[in-house]
Amino acid sequence: MEIVVRWSPPLPAEERFLRLLDDVEQGRYEAYRQDADKRRFLTGRVLAKTVAAEWLGIPLESVSFDATCEDCGKPHGRPRIPGADLTLSISHSGELIGLAATPSVPVGLDVETATRRADEGLIEYALSPAEAGHLAGLDAEAKAAAFFVYWTRKEAVMKATGKGLRIPLQSITFSRFDEPARLVSSEHDALDPATTRLADLKAADGYRAAIAVLTTEELSVTEEHWVP
């Protein structure tokens, strides 16, 4: 399966970008208090609409998303175009926003800054016993780097299933942090190694990222850094 992941720094709040937001999206944009959060939201929507327009062969200005949350009905769910053969996943951290697109199969993208630390409490909370064992003997810097390889993989599969943290993080085990990403085992029926494909991504210096797709096909992922 050919997948393109597109990365962008936060876009400026210029009219050419703001006019692409519909009324609901404009309301969400204005509700953010911090300028950085506003720009991340704006960038995610512009990225998603640009890719959707290219994918579907329609004018950018005509792209309209339904982001209704399936749980609560509020407009903060995954952006989608009803009836289109397209699934999108947006992720952001620090100064990097990413967008992944697939045909109508579940996809999850996650990116994290690589400067975060991983204390023992976080490791115990997130990793299965096998994964925690892989970190044994590493120094603090190497341990944090390895941990966030696992963390981005876990966040990606949580997003792909749409269940988020309703799947206990310790219930899934991935291949070693220094091996190609693969779901080794899962104790939750929403995830099956036979129908889950992953890839660790390059993203950008200072970041770690992963993508997960619920499919039996092997993934071929191309990463692009977007300049509007």
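> Looking at this structure, how should I read a nonpolar patch on the surface?
Residues Trp-55, Leu-56 and Ile-58 make up a contiguous nonpolar surface patch of roughly 230 Å² in combined accessible area. Looking at the element boundaries, Leu-56 is found in helix α3 (residues 35-56). Here Leu-56 falls in the partly exposed class, since its relative accessible area comes to 31%.

> I keep staring at the confidence of the model for the protein and nothing clicks. Help me out?
Caution is warranted with low-pLDDT regions, since their predicted coordinates should not be read in detail. The pLDDT averaged across the protein works out to 94; a share of 100% of its residues lies at or above 70. Ranking the elements of the protein by mean pLDDT puts helix α4 (residues 120-126) last with 91 and strand β7 (residues 197-201) first with 98.

> Please clarify how the sheet that holds strand β2 (residues 87-93) should be interpreted in this entry.
The strand order across the open sheet built from 4 strands is β2-β3-β1-β9, with neighbouring strands paired in mixed fashion. Both edges of this open sheet fall to β2 and β9 (220-225), since each of them pairs with a single strand only. Pairwise comparison of adjacent strand axes, ignoring direction, gives a mean angle of 20° for this sheet. Pairing of strand β1 (residues 2-8) with β9 involves 6 bridges; the strand directions are parallel.

Parameters at a glance
- Residues numbered from 1 in each chain as written.
- Predicted model: local features only at pLDDT ≥ 70, side-chain atom pairs only at ≥ 80, totals over all residues.
- Heavy atoms only, no water.
- Patch = residues over 30% accessible without salt bridge, like charges linked within 9 Å, V, L, I, M, F, W, Y side chains within 5 Å.
- Areas by Shrake-Rupley, 256 points an atom, 1.4 Å probe, with all protein chains shown as cover.
- Salt bridge = Lys/Arg side-chain N within 4 Å of Asp/Glu carboxyl O.
- Helix = DSSP H or I, 4+ residues; strand = E, 2+ residues; numbered from the N terminus.
- Buried < 20%, exposed > 50% of the residue type's maximum accessible area, 1.4 Å probe, protein only.
- pLDDT = per-residue confidence, 0-100.
- Pairing = 2+ DSSP bridges.
- Axes fitted to C-alpha atoms, helices over the stretch in contact; angles between N-to-C directions.

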